[in-house]
Amino acid sequence: MNPSPIRQAPDQLRSNPLGLDAPSVKATVEELNRTLATLYTLYHQVKKHHWVVEGPEYLPLHEFLDEWAAQLLKDADEVAERITALGGYPVSGPAEQEKLALIAMEPEGVYALRAMLEKDLADGGKLVAALRQYAQGAAARGDFGTEYLLKGILLTQEKMLHHLEHFLGDDTLVRALLP
Ligand SMILES: [Fe+2]
């Protein structure tokens, strides 16, 4: 328990220097906190898959999943800093992030590689669907800075999902595996 008096409650909005009005900022901060929580939750899951992947495709997948995990953290950082720029509080602890996230972290343990990657693809799909909706919402409220940020993250994460889908493709050069 921290004995020092709280300076900003988690749901408290400070004034922002950007000229955006409080009601629109409140909605944007809520959506950005959901985005932040989802990015962190997906980060944990993707990093876990980077750790546990094995089999003939180990190395490229191990490297790709690490790259994706790093990108998720970088994007989460940008979102958290946008929240503070808007005068909001970025949800920071794992328990609160888990509650707010739009995806559920895979239970502990190792599963079949394809099943793990298909869950990453589905969860990434939920993330980009939310990013599209939130970018549109921010634009409708006149917050074009947040719209621009979310669209940038959207494009980067769409690329990651595109790469992941190719890893899951059913083509191969291994003659023994061809139909
Ligand atoms: Fe690593």
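Structural notes, computed from the coordinates. (Residues numbered from 1 in each chain as written. Predicted model: local features only at pLDDT ≥ 70, side-chain atom pairs only at ≥ 80, totals over all residues.)

Remarks on the overall build of the protein chain
Link 1 in the chain: Per the secondary structure count, the protein chain includes five helices and zero strands.
Link 2 in the chain: For the protein chain, the succession of helices and strands along the chain, N to C, is α-α-α-α-α.
Link 3 in the chain: Seen along its three principal axes, the alpha-carbon backbone of the protein chain occupies a region of about 65 × 40 × 20 Å.
Link 4 in the chain: Across the 179 residues in the protein chain, those meeting the buried criterion constitute 30%.
Link 5 in the chain: Residue pairs in contact within the protein chain that sit at least 24 positions apart in sequence constitute 75% of those at least 6 positions apart. (Helix = DSSP H or I, 4+ residues; strand = E, 2+ residues; numbered from the N terminus. Buried ≥ 20, exposed ≤ 12 C-beta atoms within 10 Å, placed from the backbone. Contact = placed C-beta atoms within 7 Å.)

Here's the deal with the nonpolar core
Burial of nonpolar side chains together is a common tendency in soluble globular proteins.
Link 1 in the chain: Ranked by internal contacts, the top residues of the largest apolar core, which has 34 residues, are L36, L39, Y43, L72 and A76.
Link 2 in the chain: The leading source of residues in this core is helix 1 (residues 22–52), at 10 residues.
Link 3 in the chain: Leave out the neighbours within four places in its chain, and L36 touches A76, V79, A80, I83, P90 and V91. (Core = buried A, V, L, I, M, F, W, Y, C linked by C-beta atoms within 7 Å.)

With respect to helix 2 (residues 58–85)
Link 1 in the chain: A rise of 1.5 Å per residue sets the reference length of helix 2, with its 28 residues, at 40 Å; its end C-alpha atoms lie 41 Å apart and thus fit the reference within 8%.
Link 2 in the chain: Considered for burial, the residues of helix 2 that qualify are F64, L65, W68, A69, L72, D75, A76, V79, A80, R82 and I83.
Link 3 in the chain: In the core, the buried residues of helix 2 are packed alongside helix 1 and helix 5 (144–167).
Link 4 in the chain: Phi turns positive one or two residues past the end of helix 2, at G87, with a value near 90°. (Expected span 1.5 Å × (residues − 1).)

Topic: the packing of helix 2 against helix 5
Link 1 in the chain: Running from amino to carboxyl end, helix 2 crosses helix 5 at an angle of 165°, the nearest separation of the two axes being 11 Å. When the axis of helix 2 is compared with that of helix 5, the two are roughly antiparallel. Crossing handedness for the pair helix 2 and helix 5: left-handed. Where helix 2 approaches helix 5, its residues L61, F64, W68, Q71, D75, E78 and R82 are matched on the opposing element by T146, L149, I153, T156, M160, H163 and F167.
Link 2 in the chain: Looking at the contact of helix 2 with helix 5, its residues break down into seven nonpolar, four polar and three charged. (Axes fitted to C-alpha atoms, helices over the stretch in contact; angles between N-to-C directions. Parallel < 35°, antiparallel > 145°, perpendicular 65-115°, else oblique. Left-handed = near helix turned anticlockwise from the far one by under 90°. Nonpolar A, V, L, I, M, F, W, Y, C, P; charged D, E, K, R; others polar.)

A few points about the environment of Y43
Link 1 in the chain: Relative to the helices and strands, Y43 is located in helix 1.
Link 2 in the chain: By the C-beta count within 10 Å, which is 20 here, Y43 ends up buried.
Link 3 in the chain: Distance from Y43 to S15, taken between C-alpha atoms, is 31 Å for residues 28 residues apart in sequence.
Link 4 in the chain: With sequence-adjacent residues up to four places away left out, Y43 is seen in contact with A69, L72, L73 and A76.

A look at helix 5
Link 1 in the chain: Look at helix 5: 35 Å from first C-alpha to last across 24 residues, which is about the 34 Å you get at 1.5 Å a residue.
Link 2 in the chain: At its buried positions, helix 5 is contacted by helix 1, helix 2 and helix 4 (113–140).

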